[in-house]
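Fold and geometry: a report
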Protein chains: 2
Amino acid sequence: MVQSIDIQLTTKKKEKPPAKNLQFGVHFTDHMFMLDYHVDKGWHTPRIMPYQPITLDPAAKVFHYGQTIFEGLKAYKTEDGRVLLFRPDKNIERLNRSNERLSIPHLDGELVLAALQQLVAVDQDWIPSEPGTSLYIRPYVIATQPCLGVAPSTEYKFMIIMSPVGAYYAEGVKPVKIFVESEYVRAVRGGVGEAKTAGNYAAGLKAQEEAKEQGYSQVLWLDGVHLKYIEEVGSMNVFFKINGTVVTPALNGSILDGITRNSVLHLLRAWNIPVEERTISIDEIVEAAKNGQLEEAFGTGTAAVISPIGELNYHGEKLIIHEGQTGELSTKLYDTVTGIQNGVLADPFGWMVDTTAASTASK
Amino acid sequence: MVQSIDIQLTTKKKEKPPAKNLQFGVHFTDHMFMLDYHVDKGWHTPRIMPYQPITLDPAAKVFHYGQTIFEGLKAYKTEDGRVLLFRPDKNIERLNRSNERLSIPHLDGELVLAALQQLVAVDQDWIPSEPGTSLYIRPYVIATQPCLGVAPSTEYKFMIIMSPVGAYYAEGVKPVKIFVESEYVRAVRGGVGEAKTAGNYAAGLKAQEEAKEQGYSQVLWLDGVHLKYIEEVGSMNVFFKINGTVVTPALNGSILDGITRNSVLHLLRAWNIPVEERTISIDEIVEAAKNGQLEEAFGTGTAAVISPIGELNYHGEKLIIHEGQTGELSTKLYDTVTGIQNGVLADPFGWMVDTTAASTASK
């Protein structure tokens, strides 16, 4: 039996931002979800409450030792008014894998799903309905025990906040330029690269800044052991189409098990396009680009869904991919995934979770 | 000209915990220091205020992307009533190196030193004076911009909190048992291992927990590339005395540039003991232990100062060091460093910063 969620509604709704040109993660909805943990009580007191600042002791462990994990997923409003979540079960599974790696106590998946559905229902008016828009949902856990000893916290908060987001590509899907990073390293086997935890993102900021200074939107990360094998692009997984075959780095413990990555693999296999999950060296990509066999490249992630790569810069050499234009496969994947998400296309894999009932109940 | 620090004193002093058996980092003094940053204003409004909870937006970047750094140092009260800080200049230098790596704006070193001195002065009654005790000081920066975009924050808080700490070794210096970690990795070259940032500590929790389950107090970290070369022990630097020569891993970018490490190197050189900062493989240590040439091993850090290692477990094999007892060099280093820190011994290197004047002024 899932714990019942107490709901305290706001008495003062915020003005919603204009749906046009919504920046990512800047505006937040009227409500948030909170659940507390204490080592003596377990997870307790699930509640939906008005979005509000949180108050913590300055010694709270999250500030000092980074014991925290998060997730990211989206809710969509269909043309016929249904409210859909994209594969929340996968996010909940990964949330608990991240918890395990960061020594954070396991969360009840059913309670997390109920919290997602009820919070989305309460703030359903915040889900934008313009093409390409959605409601971004950020579940996360922070360690709150006020103690400077380096050891897992005895207290945590699990929260969910939500933010309406605009179309990632305001003017149609557009390829990005990527800098192949051969100095900074994001993660290494045996580390926390596979977990969705704060420190992985902090570790990537410097490289990202330096790439931006040179006119590149993101970096392509190479592995920490050899600085040779491809891992991720920015905070996305990465795919290459070489001579008709699509390749992507195998899950090796240091890259994120992306849910868009997993969905793209499902689609490619359903379409009978040859797919390989394996080790890929940067040299192989450079050679394929020079031979004219590198047909397309793209990143996958919740924010952009599919982000085509038009240029790779490796050691100063610029490799132009698909003449800097979006390829056919990238377009087809983008249209299919977003079509399923928006409820415009059929959902052959049963990915979408319809929460319209929860939403109607809360009206 | 250093910005002047506004001081708001508490009207309700807390009861101090008994000086006996003080746990590390659990009790905090009456006041804290705070300084704000906004990209349009720079660092501004330095102030000392009553120790109190802080209020942040749930979207504050520190919770999601771990953009945060910290320092740790101690203040001591001497028998003749002087108040001393141990090498604060080194902490301030490292603070800014960590800031640089984490894309956090540079802090004015003079302002940080003034903040340390004035805060210690305000709360000087909190410095315990029993042998082995001190006031632990924790300066830290957190990213506070409420925005989920993965990019450096436009807003930060720099804070200092302080906690009275008991003698690390209540019953005399005692060797610890260490588990050589060959699965989990703390950091890798090109990463953030050299920075004192939250994510490094989060990454180490799991290994530490598993070592504790097997009866070991900490892990010995090996390098991320080869899983072969020694890096750190727990959150301390590590030294080995082999056949009369003291060796410690060279600063390679993935280990912390410890201030106790640096101080121990100064002392060893002053004592004409052969010292090498170099790459050290775990195999070399195992062989030296088996040959009877591994005379001593110890960790160095602000909390314990010197932490002798009595046993190493590598792949199930137990290597006993110095018969599990504290060695002569470990004892001499501990007595000398703590003697200088407590003002009992002369300070030949000019390490101690006397803040008695600041303290007297604030009376």
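Look a little higher up for the structure.
Worth saying up front: this structure is predicted, and the values here are computed from it rather than measured. (Residues numbered from 1 in each chain as written. Chains lettered and ligands numbered in written order. Predicted model: local features only at pLDDT ≥ 70, side-chain atom pairs only at ≥ 80, totals over all residues. Heavy atoms only, no water.)

1. Digging into the pattern of salt bridges
All names here are of chain A. Selection rule: Within this document, salt bridges are pairs made up of a side-chain nitrogen of Lys or Arg and a carboxyl oxygen of Asp or Glu, the two lying within 4 Å of each other. Counting from the N terminus, the helices are DSSP H or I runs at least four residues long and the strands are E runs at least two residues long. Each residue is assigned to one of three classes by its accessible area relative to the maximum for its type, calculated with a 1.4 Å probe on protein chains only: buried under 20%, partly exposed between the two thresholds, exposed over 50%.
With the rule as written, the count across this model stands at 26 salt bridges over all chains. A salt bridge links arginine 47 to aspartate 36; the nearest nitrogen and oxygen atoms lie 3.0 Å apart. Here arginine 47 is found in strand 3 (residues 42–50), whereas its partner aspartate 36 is found in strand 2 (residues 31–38), with eleven residues between them in sequence. Exposure remark for aspartate 36: the relative accessible area of 14% places this residue in the buried category. Here lysine 241 makes a salt bridge to glutamate 295, at a shortest N to O gap of 3.3 Å. Placement of lysine 241 in strand 13 (residues 237–242) and of glutamate 295 in strand 16 (residues 294–301) is noted, with a sequence separation of 54 residues between them. Bridged by salt links that share partners, the residues Asp36, Arg47 and Lys157 form one connected network.

2. Description of the interface of chain A and chain B
The condition is simple: For this analysis, residues touch if any pair of their heavy atoms sits within 4.5 Å. Buried area is understood as the total, over both parts, of accessible area removed when two parts are fitted together, assessed with a 1.4 Å probe. Here a polar contact means two N or O atoms within 3.5 Å. Within protein one must be a hydrogen donor candidate and the other an acceptor candidate, and residues neighboring in sequence count only if both atoms are side-chain atoms.
Counting from both sides, the interface comprises 59 residues of chain A and, opposite them, 59 residues of chain B. The junction of chain A with chain B conceals about 5,000 Å² of combined surface from both sides, 62% of it contributed by carbon and sulfur atoms. Across the salt bridge formed by B:Lys206 and A:Glu100, the nearest N and O atoms sit 2.9 Å from each other. Put simply, chain A and chain B have 29 residue pairs in polar contact (both at pLDDT 80 or more) between them. Looking at the side of chain A that touches chain B, the elements with two or more residues in it are strand 4 (54–56), helix 1 (61–65), strand 5 (68–70), helix 2 (88–101), strand 8 (134–143) and helix 4 (198–213) of chain A.

3. Looking at the environment of B:Val344
Positionally, B:Val344 belongs in the loop between helix 7 (328–341) and strand 19 (352–354). Sequence-wise, B:Val344 and B:Glu79 are 265 residues apart; in three dimensions their C-alpha atoms are separated by 8.0 Å.

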